[in-house]
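Listed below are the residues making up each chain.
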Amino acid sequence: MNVETRQPHEHSLSRRNVTFAAIFVGFSAAVGIYAYSTLSIGTAAEMGAGFFPVMLSIVLGLLALAVAFTPISSGALPLRFASIRSSVLVLCSPLIFAVTIQPLGLIAAVALTIFFSSFASRFATLRQSLMLSIGFTMFCVAVFHYLLNLPIPLWGDLITG
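Worth saying up front: this structure is predicted, and the values here are computed from it rather than measured. Starting from 1, residues in each chain are numbered consecutively following that chain's sequence as written. Where local features are concerned, this predicted model is filtered to residues with pLDDT of at least 70; where side-chain atom pairs are given and counted, the filter is 80 or more; whole-chain, interface and lining totals use all residues. Computation of side-chain values covers all heavy atoms of the structure but excludes hydrogens and water.

Caption draft 1: A look at the nonpolar core. In plain words, nonpolar cores are sets of buried Ala, Val, Leu, Ile, Met, Phe, Trp, Tyr and Cys residues tied together by side-chain atoms within 4.5 Å. Throughout, exposure labels follow a simple rule: accessible area from a 1.4 Å probe, protein chains only, divided by the maximum for the residue type, with under 20% read as buried, over 50% as exposed, and the rest as partly exposed. With 6 residues, the main nonpolar core is built from Leu106, Val110, Ile114, Cys140, Val141 and Leu154. Of all the secondary structure elements, the ones that give two or more residues to this core are α3 (84-118) and α4 (126-147). Runs of E in the DSSP output that reach at least two residues are strands. Runs of H or I that reach at least four are helices, and both are numbered from the N terminus. In terms of residue count, α3 provides more of this core than any other element does, 3 residues in total. The criterion used for residue contact is that any of the two residues' heavy atoms lie within 4.5 Å. Discounting residues that sit within four places of it in the chain, Val141 has contacts with Leu106, Ile107, Tyr146 and Leu154.

Caption draft 2: Highlighting the environment of Val67. With respect to the secondary-structure elements, Val67 resides in helix α2 (residues 51-68). The sequence separation of Val67 and Leu13 amounts to 54 residues, and the corresponding C-alpha distance is 9.7 Å.

Caption draft 3: Representation of the environment of Pro78 in the model. The topology assignment puts Pro78 in the loop between β2 (72-73) and α3. Of the residues examined, Pro78 reaches a relative accessible area of 65% and is grouped as exposed. Put simply, Pro78 and Arg16 are 62 residues apart on the chain and 9.5 Å apart in space, counted from C-alpha to C-alpha.

Caption draft 4: Highlighting the packing of aromatic side chains. Aromatic contacts are taken between Phe, Tyr and Trp rings whose centres are within 6.5 Å, Trp giving its six-membered ring; a plane angle under 30 degrees counts as stacked, one over 60 as edge-to-face, and the others as tilted. By the definition in use, this model includes 3 aromatic pairs. With a centroid separation of 5.1 Å and an interplanar angle of 85°, the aromatic rings of Phe115 and Phe119 are classed as edge-to-face. What makes Phe115 buried here is its relative accessible area of 18%. Grouped by ring-pair contacts, the aromatic residues Phe115, Phe116 and Phe119 constitute a single cluster.

Such coordinate-based values are descriptive only and should not be taken to indicate function.
Right, here's the structure in full:
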């Protein structure tokens, strides 16, 4: 079918989606193979150090394949580069968490990380960022502290003094 005669509601595979999917499948395969060959996998009942990376690489690979075959509308906007501010905020988020988890604890580290990283969106408002930060912090405390019983203090040395 010629592009000029295509109706607006018709879809086609995107070379962009296929390219990004190939990159992610390659990355997930490399990480999965490395984790499988160098770390103990264990079982679902007794997970080894490699269990999570292998499972995560499988899920990433499957999601990438789904993206590859997801058609996009012929009227879809072209891909744009992210702003410098957004890129810096997203790339610095793990650093914010790493620097604050020990001295401030889980609650403050997650709250600060989510709050600052939420401003990577050009549509973020102060209220939305605060709500997202509070909600995600509560979720992380429930999952990592109470459900998984990870030995991460809720409050760090700077706060508890």
